[in-house]
Amino acid sequence: MQQSFVITSYNKKKRLLTVQLKEDLNIDRLKTMYSDDLRAVFGVLMLPDPRRFSEAQRLLYWALLGDIHRWSGTSTRQLNDYFREEYAIHYFSEISIADTSDASVTEVNNLIEMVLDFMFEWNVPFPRSYEILPKHEQFYHYQCCKHRKCVICGQSGADIHHLQAVGNRKRSQVDHRKFPLTSLCRKHHNEAHNMGVTQFINKYQIHPVYLNGTDLVRIGVMNMSKIKKFNENGEQ
């Protein structure tokens, strides 16, 4: 079932969202679906992005495809078809960045994120597009952490850096899922320690991210047995 609504209030502390439905809810159908047990109703809130994608996003997308072309020899037209198909498979929706497209900022960001994920995964150099990468966007910082690229200079093999003190605990005793992280090469890692977190974040416009267990295991920061132990004990 789909239902249109407008948000009337939100209590952040209680995570309580109040909405006004734009049309009557078919409560009888809902009861039939859930065997008269409305407490069992589960839903997912979908909030469409009303903003149309920008020209800067389009330029970045084609710049990234151009860098993949120079690395692989595959034409940008073929690459465009490939990533649009991957997008359709992943999001169950088609996308275009043509002049006539009404794709949203979020949708095109998702497309760009798929391209970046491919480039980081295959270690594709991006000399042409690096200067216009949206380093102020959180998804860029997430990709850098996920693939251990320095968020400032793009160097591979970067360190995962905590921007919040973890105390005197050993790294093996820390649940890294609970701490904001960024990815820095040795040079910028040392600069962060010497300069101080606040000044360093402001200088480079760092947007720390939280990584899930799968990503942390993938980059060697945690292992599944440690994650399982944290989950069982509920430790910090």
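Structure: see above.
The paragraphs below set out a description of the structure included in this document. (Residues numbered from 1 in each chain as written. Predicted model: local features only at pLDDT ≥ 70, side-chain atom pairs only at ≥ 80, totals over all residues. Heavy atoms only, no water.)

Time to look at unusual backbone geometry. For aspartate 36, which is not glycine, the phi dihedral falls at a positive 70°. Note that aspartate 36 resides in the loop between helix 1 (27-33) and helix 2 (55-72). One non-glycine residue, phenylalanine 92, lies in the positive phi region at around 55°. Of note, phenylalanine 92 is situated in the loop between helix 3 (76-91) and helix 4 (105-121). (Helix = DSSP H or I, 4+ residues; strand = E, 2+ residues; numbered from the N terminus.)

As a further point, take the environment of cysteine 144. Note on placement: cysteine 144 falls in helix 5 (residues 138-146). When its relative accessible area of 0% is taken as the criterion, cysteine 144 is described as buried. Every residue in contact with cysteine 144, bar those within four places of it in the chain, is listed here: Phe120, Lys149, Cys150, Val151 and Ser183. (Buried < 20%, exposed > 50% of the residue type's maximum accessible area, 1.4 Å probe, protein only. Contact = heavy atoms within 4.5 Å.)

Right, let's talk about the pairing of strand 2 (residues 16-21) for a bit. The sheet contact formed by strand 1 (residues 5-11) and strand 2 spans six bridges and is antiparallel. By the bridge assignment, valine 6 is partnered in strand 2 with glutamine 20. What sits between strand 1 and strand 2 in their antiparallel hairpin is a turn of four residues, with arginine 15 showing a positive phi close to 55°. (Pairing = 2+ DSSP bridges.)

Our focus in this paragraph is the pattern of salt bridges. In this structure the tally under the stated criterion is ten salt bridges. In this structure, the salt-bridge partner of aspartate 99 is arginine 58, at a minimum N-O distance of 3.0 Å. On the criterion of sequence distance, the pair formed by aspartate 99 in the loop between helix 3 and helix 4 and arginine 58 in helix 2 is long-range, its members being 41 residues apart. Residue aspartate 99 is classed as exposed on the basis of its relative accessible area, which comes to 62%. One continuous salt-bridge network, built from bridges that share partners, spans Glu55, Arg58 and Asp99. (Salt bridge = Lys/Arg side-chain N within 4 Å of Asp/Glu carboxyl O.)

Helix-helix packing is described using two parameters, namely the angle between the two axes and the distance between the axes. One can describe the packing of helix 3 onto helix 4 by two numbers: an axis separation of 10 Å at closest approach and a directional angle of 115°. The angle between helix 3 and helix 4 places the two elements in the roughly perpendicular class. Considering the relative orientation of helix 3 and helix 4, their crossing is right-handed. Residues Phe83, Glu86, Tyr87, His90 and Tyr91 of helix 3 form the contact with helix 4, whose own contacting residues are Glu107, Asn110, Leu111, Met114, Val115 and Phe118. (Axes fitted to C-alpha atoms, helices over the stretch in contact; angles between N-to-C directions. Parallel < 35°, antiparallel > 145°, perpendicular 65-115°, else oblique. Left-handed = near helix turned anticlockwise from the far one by under 90°.)

The next point concerns the nonpolar core. Core analysis: the biggest nonpolar cluster contains 35 residues, and Tyr61, Ile68, Phe83, Ile112 and Val115 have the highest contact counts within it. Listing elements by their share of this core, those giving two or more residues are helix 2, helix 3, helix 4 and helix 5. Per element, the largest residue contribution to this core is eight residues, and it comes from helix 4. Residues contacting phenylalanine 83, with those up to four places away along its chain left out, are Tyr61, Leu65, Ile68, Leu111, Met114, Val115 and Phe118. The next biggest cluster of nonpolar side chains, apart from the first, holds eleven residues, and it includes Tyr142, Leu181, Leu211 and Met222. (Core = buried A, V, L, I, M, F, W, Y, C linked by side-chain atoms within 4.5 Å.)

Right, let's get into the packing of aromatic side chains. Per the stated rule, a full pass over the model turns up eight aromatic pairs. When the ring of phenylalanine 83 is compared with that of phenylalanine 118, the centres are 5.5 Å apart and the planes differ by 85°; the resulting orientation is edge-to-face. You can see phenylalanine 83 sitting in helix 3 and its partner phenylalanine 118 sitting in helix 4, a full 35 residues away along the chain. Taken together through their ring pairs, the aromatic side chains of Trp71, Tyr82, Phe83, Phe118 and Trp122 make up a single cluster. (Phe/Tyr/Trp six-rings, centres within 6.5 Å; stacked < 30°, edge-to-face > 60°.)

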